[in-house]
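# Architecture at a glance
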Amino acid sequence: MTSFPPSRIRNVALVGHNGSGKTTLAEALLFATGAIPRAGRVDDGTTVSDFEPEEIKRHMSISLALAPIVVGDTKINIIDTPGYADFFGEVRAACSVADLVVVVVSAVDGVQAQTEAAWELAGELGLPRLVFINKLDRERASFDRTLADLQDRFGAGIAPLELPVGEESDFHGIADLLTDSALLYDDGPPRPAPIPDDLADLEHQVREHLVEGIVVGDDTLMERYLEGDIPSTDELEATLASGMAEGVVFPVVCGSAATGVGIDRLASLLAEIAPAPDARPPVMVSAGDTEQGVACDPTAPPLARVFKTISDPYVGKISLLRVLSGTIRPDTVLMNPRSHTEAKLHVLELLRGKEAEPVSEAQAGDLIAVPKLSDTATGDTLAPKGTPVTVPGPAPEPVALSVAIRPKSKGDEDKLMTALHRLQDEDPALIVERVDETHQTILRGTGETHLAVAAERLHRKFGVD
């Protein structure tokens with residue numbers, strides 16, 4: 001894959017409650033944009049982003065996963081995240097490198113606990129938000145009920161950009177309020193069509209309300225609108241993108257990840273209105289007692305932050321980085337201010353699920369994978385020599401449950417501790433402590449499922465029971 005400048009990159013985290021369809025949506029976006037030849041299924045364990053055996057066994061995401069796609073000349077780094085509360089640390093990690101959060105909500109279940117938790121996190125981080133109402137093809141699905149739920153929980157900024165055509169099993173298209181036209185998915189590829197007659201009055205009413213809501217953010221457009229001049233689709237999109245970036249407008253789109261209805265339009269919309277990394281505020285870095293902003297500039301000195309570590313049984317450690325400034329190429333040498341060691345980035349890779357392909361460079365704003373950075377951990381900053389700056393990472397997850405653990409085989413104590421520390425590299429939400437008074441090793445985590453997954457990974461990855 002070729003290198004993309006910051007203006008042609010979008011970093012998008014898919015967040016929401018467990019079961020809302022985030023992984024299926026990531027799969028649908030990969031398929032709709034030609035990144036994969038066919039879409040896998042969560043129930044079959046064949047999706048790109050749920051590839052760990054623990055995820056396949058449980059039919060749910062446990063770790064964040066990258067699923068980059070290309071729309072036109074724009075690269076969109078999709079980050080699929082878990083929806084289960086025990087793994088909220090992965091959501092924090094994803095949001096720490098995202099420039100837009102897509103909140104996925106089931107049209108059957110509406111706004112749930114982790115929907116609200118992810119929404120609040122995005123607000124704390126100042127991240128723009130877009131809502132995707134999913135599963136409109138399901139029995140008991142209701143767009144109107146879900147939209148009312150969203151407006152009730154999250155306020156007046158919730159702005160529908162699309163309406164569904166058909167309900168439940170008859171859901172077969174979307175009415176696009178920005179273009180004032182419909183996309184129908186009957187047989188074969190989607191086809192543009194006029195707004196269906198039975199939807200025309202409602203669409204006209206909602207569109208008028210949407211246009212009024214958008215032009216309020218631009219004095220010139222507002223003046224023209226009051227004089228009877230309706231802004232063009234491009235003008236509406238640009239003003240909408242500005243309002244979304246400022247966190248005052250939260251667009252709502254709809255579809256079905258399972259059937260593919262509305263997915264190609266979502267991909268296009270992300271390329272059109274999601275903020276580019278160089279349009280976001282500078283990243284604050286610490287240098288001693290001082291703080292300064294670093295702009296997303298590909299010509300500046302290289303600076304990167306590790307937001308995730310993967311322990312691969314065959315490759316070893318793989319570090320996922322966001323390039324904050326500069327351009328990184330193979331064999332770039334940076335310093336790690338925490339460990340005071342050099343980090344030589346021999347190979348740069350584009351990671352899509354578990355599949356990796358080498359890349360020749362990564363510019364500011366992009367996400368890349370680098371294998372075998374031995375003295376580098378999640379949260380570390382990699383900076384130019386002589387510039388010992390650090391970038392603050394997300395706050396640690398609160399501990400909810402602690403267990404005493406010991407190896408089944410006597411004499412495996414050292415092997416267990418080594419494996420635990422490698423597991424901590426991958427999952428900073430795990431805390432390992434040795435209590436001298438009781439001669440116990442304590443493993444602390446965010447819940448029963450979190451600790452059960454940790455035990456399974458100890459066995460599978462490191463051969464420790």
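Shown above is the structure to which this text applies.
Residues numbered from 1 in each chain as written. Predicted model: local features only at pLDDT ≥ 70, side-chain atom pairs only at ≥ 80, totals over all residues. Heavy atoms only, no water.

With that out of the way, let us pick up the sheet that holds strand 2 (residues 65–71). Ordered by their spatial adjacency, seven strands build an open sheet running 2-3-1-4-5-11-6, and the pairing between neighbours is mixed. If you trace the sheet from one side to the other, it starts and ends with strand 2 and strand 6 (158–160), each paired once. Neighbour-to-neighbour, the strand axes of the sheet open up by a mean angle of 25 degrees, direction not taken into account. Strand direction decides the pairing type here: strand 6 and strand 11 (residues 250–254), joined by three bridges, are parallel. Note on strand 11: the bridge partner recorded for Pro160 is Val252. (Pairing = 2+ DSSP bridges. Helix = DSSP H or I, 4+ residues; strand = E, 2+ residues; numbered from the N terminus. Axes fitted to C-alpha atoms, helices over the stretch in contact; angles between N-to-C directions.)

This paragraph deals with unusual backbone geometry. Phi is positive for Lys135, close to 65 degrees, though the residue is something other than glycine. Mapped onto the fold, Lys135 is located in the loop between strand 5 (129–134) and helix 5 (143–154). In this model, Arg140 sits at a positive phi of 70 degrees, which is unusual for a non-glycine residue.

With seven of its seven residues buried, strand 4 (residues 100–106) lies for the most part within the structure. What you see with strand 4 is no split at all: Leu100, Val102, Val104 and Ser106 on one side and Val101, Val103 and Val105 on the other are buried throughout. The sheet contact formed by strand 4 and strand 5 spans six bridges and is parallel. The residue bridging Val102 from the neighbouring strand is Leu130, located in strand 5. For the crossover from strand 4 across helix 4 (residues 113–124) to strand 5, the handedness is right-handed. (Buried < 20%, exposed > 50% of the residue type's maximum accessible area, 1.4 Å probe, protein only. Right-handed = clockwise from strand over helix to strand, strands pointing away.)

Next up on the list: the environment of Ser311. In this structure, Ser311 sits in strand 14 (residues 303–312). According to the relative accessible area criterion, Ser311 is buried, its value standing at 6%. Taking the C-alpha atoms as reference, Ser311 lies 9.8 Å from Pro371; in sequence the two are 60 residues apart. Leave out the neighbours within four places in its chain, and Ser311 touches Gly316, Arg422, Glu426, Lys461 and Phe462. (Contact = heavy atoms within 4.5 Å.)

This part takes up the state of the cysteines. With the rule as written, the count across this model stands at zero disulfides. Not engaged in a disulfide, the cysteine Cys95 finds its nearest cysteine sulfur in Cys296; these two sulfurs lie 18 Å apart. A residue is classified by how much of its surface remains accessible, and Cys95, at 3% relative accessible area, is buried. (Disulfide = S-S within 2.5 Å.)

Take the side chain of Thr146 next. Tracing the backbone through its elements, the reader meets Thr146 in helix 5. Filtering out sequence-adjacent residues up to four positions away, Thr146 remains in contact with Val105, Ser106, Ala107, Gly110 and Ile133.

Topologically, Ser256 is positioned in the loop between strand 11 and helix 9 (263–273). On the basis of relative accessibility, which here comes to 1%, the residue Ser256 falls in the buried class. Polar side-chain contacts of Ser256 include one of 2.9 Å to the side chain of Asp137. Setting aside its immediate chain neighbours within four residues, Ser256 contacts Phe132, Asn134, Lys135, Asp137, Phe171, Val261 and Ile263. (Polar contact = N/O pair within 3.5 Å; in protein donor to acceptor, adjacent residues only side chain to side chain.)

To continue, consider helix 7 (residues 219–226). Among the residues of helix 7, the N-terminal cap falls to Asp218, whose side-chain oxygen and the backbone nitrogen of Thr220 are separated by 3.0 Å. Just beyond helix 7, the residue with positive phi is Gly228, at close to 95 degrees.

Turning our attention to empty space enclosed by the protein. Across all of its chains, the model carries four cavities of 30 Å³ or more by this definition. By volume, the largest cavity is sized at about 100 Å³. As for the largest cavity, its lining consists of 14 residues, of which Phe51, Ser63, Leu64, Ala65 and Ile310 are closest to the centre. Taken together, the elements giving at least two residues each to the lining of the largest cavity come down to strand 2 and strand 14. Along the lines of polarity and charge, the residues of the lining of the largest cavity split into seven nonpolar, three polar and four charged. Of the volumes computed, that of the second largest cavity is approximately 70 Å³. Around the second largest cavity, the lining comprises 13 residues; the ones closest to its centre are Thr2, Lys75, Val359, Glu361 and Asp366. For the lining of the second largest cavity, the secondary structure elements donating two or more residues are strand 19 (349–352) and strand 22 (367–371). Here the lining of the second largest cavity is composed, by residue class, of six nonpolar, three polar and four charged. (1 Å grid on protein atoms, 1.4 Å probe; cavity = no way out; pocket = protein on both sides within 12 Å on 5 of 7 lines; lining within 4 Å. Points joined across faces, edges and corners; volume = space filled by probe spheres on them. Nonpolar A, V, L, I, M, F, W, Y, C, P; charged D, E, K, R; others polar.)

As far as function goes, none of this settles anything; it's purely spatial.
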